[in-house]
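# Examining the three-dimensional arrangement
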Amino acid sequence: RDRRDYERDHRDRDRDYRDRDRDRDRDRRERRRSRSRSPIIEKTEEELEAEKQAEEIEDLTKDQRTVFVSQLVMKADERIVKKFFEKVGKVKQVIMIRDKYTNRHKGFAYVEMAQLDAI
């Protein structure tokens, strides 16, 4: 008898916790939904076409704007490499190749410049 009472009490307690958590999560979702959203601005076909064209041009020149850097010291990180290359021009992105097990960089990186003129 004591064992069954004990199990029933724990089962009831677990059910209460589960119900409380479910109610709390539902309240959070409702609060999140009730916030006002900014209006969606639709773009004209001309604007969409211009964006698409600009994106295609950027994709085509990405390889030309990217510099391969090797023999980096182990102290170097993305921030340091970006700061160094910003002396030449605006840097869009720095990708350091890392070891998948240790997450240490392998000593080389790709630096993508914003403008082709900077290279």
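Residues numbered from 1 in each chain as written. Predicted model: local features only at pLDDT ≥ 70, side-chain atom pairs only at ≥ 80, totals over all residues. Heavy atoms only, no water.

### Side note on the side chain of Arg-65
What counts is decided by this rule: Comment: elements are numbered from the N terminus, with helices defined as DSSP H or I runs of at least four residues and strands as E runs of at least two. Here a polar contact is taken to be a pair of N or O atoms separated by no more than 3.5 Å, where protein atoms must pair a possible hydrogen donor with a possible acceptor and residues adjacent in sequence count only if both atoms sit in side chains. Whether two residues touch is decided by their heavy atoms; if any such pair falls within 4.5 Å, the residues are in contact.
When you line up the elements, Arg-65 lands in helix H2 (residues 45-65). At 3.0 Å, the side chain of Arg-65 and the backbone oxygen of Glu-58 are in polar contact. Among residues more than four places away in sequence, those in contact with Arg-65 are Glu-58, Lys-92, Val-111, Glu-112, Met-113, Ala-114, Gln-115, Leu-116 and Ile-119.

### A closer look at the pattern of salt bridges
The criterion, for reference: Salt bridge, as applied in this entry: a Lys or Arg side-chain nitrogen positioned within 4 Å of an Asp or Glu carboxyl oxygen. When a residue's accessible area, from a 1.4 Å probe over protein chains only, is under 20% of the maximum for its type it is buried; when over 50% it is exposed; and in between it is partly exposed.
Applying the stated criterion to the full structure yields four salt bridges. With its nearest N and O atoms 3.1 Å apart, the salt bridge here joins Arg-65 to Glu-112. Remark: Glu-112 occurs in strand S3 (residues 105-113) and Arg-65 occurs in helix H2; sequence separation between them is 47 residues. Across this residue pair, the class does not change: Arg-65 and Glu-112 are buried. The partner of Glu-78 in a salt bridge is Arg-98, and the shortest N-O contact between them spans 3.0 Å. Of this pair, Glu-78 sits in helix H3 (residues 78-85) while Arg-98 sits in strand S2 (residues 91-98), and the two are 20 residues apart along the sequence. Take Glu-78: its relative accessible area is 28%, and that puts it in the partly exposed class.

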